[in-house]
Amino acid sequence: MAVSWRNWLANEGVKHLCLFIWLSLNVLLFWKAFLLYNQGPEYHYLHQMLGLGLCLSRASASVLNLNCSLILLPVCRTLLAYLRGSQKVPSRRTRRLLDKSRTFHITCGVTICIFSGVHVAAHLVNALNFSVNYSEDFAELNAARYRDEDPRKLLFTTVPGLTGVGMVLVLFLMITASTYAIRVSNYDIFWYTHNLFFVFYMLLMLHVSGGLLKYQANLDTHPPGCINPNGTHYQHVYLPDHGSEHFHESFPGGPSKPDELTQNRSVNICMEEPRFQANFPQTWLWISGPLCLYCAERLYRCIRSNKPVTIISVISHPSDVMEIRMIKENFKARPGQYIILHCPSVSALENHPFTLTMCPTETKATFGVHLKIVGDWTGFGPLQEVCKASEQSSESGGVIMGEMRESVKTLKQANICGQGPVKSALLLELRHEVEFALYMSHLAGITQIGKDKDQEADMNKEGGSTIITVDRRCTFRSLGLCTREREALSEDREACLLFTSIISRAPEKLYIDGPFGSPFEESLNYEVSLCVAGGIGVTPFASILNTLLDDWKPYKLRRLYFIWVCRNIQSFRWFADLLCVLHNKFWQENRPDYVNIQLYLSQTDGIQKIIGEKYQALNSRLFIGRPRWKLLFDEIAKCNRGKTVGVFCCGPNSISKTLHKLSNQNNPYGTRFEYNKESFS
């Protein structure tokens, strides 16, 4: 089906307009600087010495000034969140433009890379020309000290040369580490090298203070191309009328006969020798404002996030997903926003964004996130090392993990009461359970118990999840052992050392930064919204569903299509309870059409269902295979004629591209689809 210009303008119009304005600014600055250094009389002698290299180096520098200032604005996350959530930007179309901040940041970065190459190449030619075209008449203007001086000395013995080499190295590291292959294979490299931007900006501030390129300051008394009365003849150039005025002023009486030189008005008499001085570094004017704004925002974020959170509970879900529930004083967030987690024990500088799956409300202060245990940060390896290193800690504190319940039951079945030491095999099994639970607890920074035993047992039965909690007063009694069982464990020296090491551990601390805005905040501002999630990409919509569960009436949303695609049936357990409760709520309120839930199982060997009688409502909405997106869009357009539907996607790029393409296509029902995609800024 053909593309609808109406839908295309709604989804792409403002973005392309801003791109055109940005591109026009770059072209304008480049051309203006090029003409100034190519034809400007104040740069006449410098241009004669350096040629085209001067024009290209200064024109590319103007483009670099613009983009080095703009590239900082999209990463001011707090500012973007403020603009998105306040009434400063009342237009939804303009607020949606903020979702492209990451794309704009990348665009500016690519532009900096390209024009840095042009700038470096032009200055290499300039260094050679300084040496070859050395003139004693313009010793003040020339950066070389004598003719045929080695150009490499200009690169490594001057401030602009040294800082330029340093910036090239830093930029090369940042460029290579920003490629998709490195970001996916080793995110640490990308993160650490990207933080070198501060070094880059410091070198940039020093780079422009060298003053190698100078302009002529006395054009009135020394027009370029004039003749010195002492005999020095500068190069001929055609000058405007003010040049001949200086000539006649030099001879008040005038010559007896018209001279050939005065008739063609191409040569003037010099009043004094040319004087040159360095330009004021305009780069400071370009980057000082955005750099100060970014530094102030980072300082604010540092102060805001310096207090660790209090972990309420940690729940281990199927398919290697962990949920952390926590509280923090004066923390407020809107549905769809995300936070940045930082665990110093895992990495001192590294942090990662995670979408809030539960937001604090007026009645409860708890908020939470879901983490996929994969990679080198949330994965098992580094955190296990943290657990082992903390065994030598002498600080008070302890842990009690729900994962150890089954091991304790095994010990009881072995009838250890009064039978002597614990068997080594059972102890080894218990040790493995402890190490895994410690890994979970150190990631979460657990500090207190959030669920009692009955609540834990109920949740384990319902969702198949493991709840891990902590108590600083952890004892053997916390494991549910009787007096004789505790005495039996105490008789085994190895068991005592194991539990003593557990009790002596100090809980790790977890810090958060945020919240920050995301496009999913707009899902509640449409009358009709289509939310599509792929796997763990369901997390942005979890907080929205929780908000609707609390109270849906204050929002504009009146119909929600929720599509969730997963590879295995166990993944639906992450939010199966929430979906069931939400479904029952709207049925009881006689609003069955408010939420349309469709679950798709993309990979299966046969018909499967979510186990549990209470999940019957979800089983009836479970489909095998992948969604037929074209039919789905046609159905939504038919049911919502003439309305604007917000399309929100968080999942694989293949799904995102398909939805983006369908949102721009025409439909016979007059329905407009506005596409939004998750993109951490």
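These figures come from a predicted structure and were not determined experimentally.

1. Regarding the pattern of salt bridges
Then comes step 1: In this structure the tally under the stated criterion is 13 salt bridges.
Then comes step 2: With a closest N to O distance of 3.0 Å, Asp513 and Arg304 form a salt bridge. Of the two residues, Asp513 is situated in strand E10 (residues 511–516) and Arg304 in helix H14 (residues 282–304); the sequence distance between them amounts to 209 residues.
Then comes step 3: Accessibility expressed as a relative area gives 10% for Asp513, which makes it buried.
Then comes step 4: On the basis of relative accessibility, which here comes to 23%, the residue Arg304 falls in the partly exposed class.

2. Quick look at helix H11 (residues 197–207)
Then comes step 1: For H11, every residue scored as buried is listed here: Phe197, Phe200, Tyr201, Leu203, Leu204 and His207. One face of H11 carries all of its buried residues, which in axial projection span an arc of 160°.
Then comes step 2: Looking at the buried residues of H11, the elements they touch are helix H3 (52–70), helix H6 (101–132), helix H8 (159–177), helix H10 (187–194) and H14.

3. Side note on the packing of aromatic side chains
Then comes step 1: Evaluated as defined, the whole model comprises 26 aromatic pairs.
Then comes step 2: Arranged with centres 6.4 Å apart and planes meeting at 80°, the rings of Phe197 and Tyr201 form a pair that is edge-to-face. Of this pair, Phe197 and Tyr201 are both found in helix H11, four residues apart, which corresponds to roughly one turn of the helix. Across this residue pair, the class does not change: Phe197 and Tyr201 are buried.
Then comes step 3: On the basis of an interplanar angle of 55° and a centroid distance of 5.1 Å, the ring pair of Trp552 and Tyr594 is categorised as tilted. Of the two residues, Trp552 sits in the loop between helix H21 (539–550) and strand E12 (559–566) while Tyr594 sits in the loop between helix H22 (576–588) and strand E13 (595–601), which places them 42 residues apart along the sequence.

4. Overview of the sheet that holds strand E16 (residues 672–677)
Then comes step 1: In spatial order, the strands read E14-E13-E12-E11-E15-E16; together these six strands make up an open sheet with parallel pairing. Two strands lie at the open edges of the sheet, namely strand E14 (622–624) and E16, each paired on one side alone. Within this sheet the neighbouring strands show an average axis-to-axis angle of 20°, counted without direction.
Then comes step 2: Relative to strand E15 (residues 644–650), strand E11 (residues 528–534) runs parallel, the two being bridged by six bridges. Each residue of the ladder has a partner; that of Leu530, found in E15, is Val647.

5. Thoughts on the packing of H11 against H14
Then comes step 1: Packing of H11 against H14 brings their axes to within 11 Å, and their N-to-C directions diverge by 150°. Classified by the angle between their axes, H11 and H14 sit roughly antiparallel to one another. As H11 runs across H14, the sense of the crossing is left-handed. Taken together, the residues of H14 that come into contact with H11 (itself represented by Phe197, Tyr201, Met202, Leu204 and Met205) are Thr283, Trp284, Ile287, Leu291 and Tyr294.
Then comes step 2: Of the residues that constitute the contact of H11 with H14, the class distribution is nine nonpolar, one polar and no charged.

6. So, the pairing of E15
Then comes step 1: Among the seven residues in E15, seven count as buried, and that is most of the element.
Then comes step 2: Covered by surrounding structure in E15 are Thr644, Gly646, Phe648 and Cys650 together with Val645, Val647 and Cys649, the residues of both alternating faces.
Then comes step 3: Bridge analysis of E15 against E16 gives six bridges, and the strand direction is parallel. Directly across from Phe648, in E16, lies its bridge partner Asn676.

7. Regarding the environment of Tyr294
Then comes step 1: Note on placement: Tyr294 falls in helix H14.
Then comes step 2: Residues Tyr294 and Cys76, 218 residues apart in the sequence, show an inter-C-alpha distance of 6.0 Å.
Then comes step 3: Contact partners of Tyr294, with chain neighbours within four places excluded, come to Leu72, Val75, Cys76 and Phe197.

8. Things to note about the UniProt feature "transmembrane region" (unreviewed entry) in the protein
Then comes step 1: What UniProt calls "transmembrane region" (unreviewed entry) maps, in this numbering, to residues 20–39, 59–83, 104–125, 154–177 and 189–213.
Then comes step 2: From the first C-alpha to the last, residues 154–177 spans 30 Å; its make-up is 92% helix and 0% strand.
Then comes step 3: In residues 189–213, helix accounts for 68% and strand for 0%; the two terminal C-alpha atoms are 37 Å from one another.

Cut-offs and rules
- Residues numbered from 1 in each chain as written.
- Predicted model: local features only at pLDDT ≥ 70, side-chain atom pairs only at ≥ 80, totals over all residues.
- Heavy atoms only, no water.
- Salt bridge = Lys/Arg side-chain N within 4 Å of Asp/Glu carboxyl O.
- Helix = DSSP H or I, 4+ residues; strand = E, 2+ residues; numbered from the N terminus.
- Buried < 20%, exposed > 50% of the residue type's maximum accessible area, 1.4 Å probe, protein only.
- Arc of directions from axis to C-beta.
- Contact = heavy atoms within 4.5 Å.
- Phe/Tyr/Trp six-rings, centres within 6.5 Å; stacked < 30°, edge-to-face > 60°.
- Pairing = 2+ DSSP bridges.
- Axes fitted to C-alpha atoms, helices over the stretch in contact; angles between N-to-C directions.
- Parallel < 35°, antiparallel > 145°, perpendicular 65-115°, else oblique.
- Left-handed = near helix turned anticlockwise from the far one by under 90°.
- Nonpolar A, V, L, I, M, F, W, Y, C, P; charged D, E, K, R; others polar.
- UniProt positions renumbered as here; feature names shortened; annotations may be inferred.

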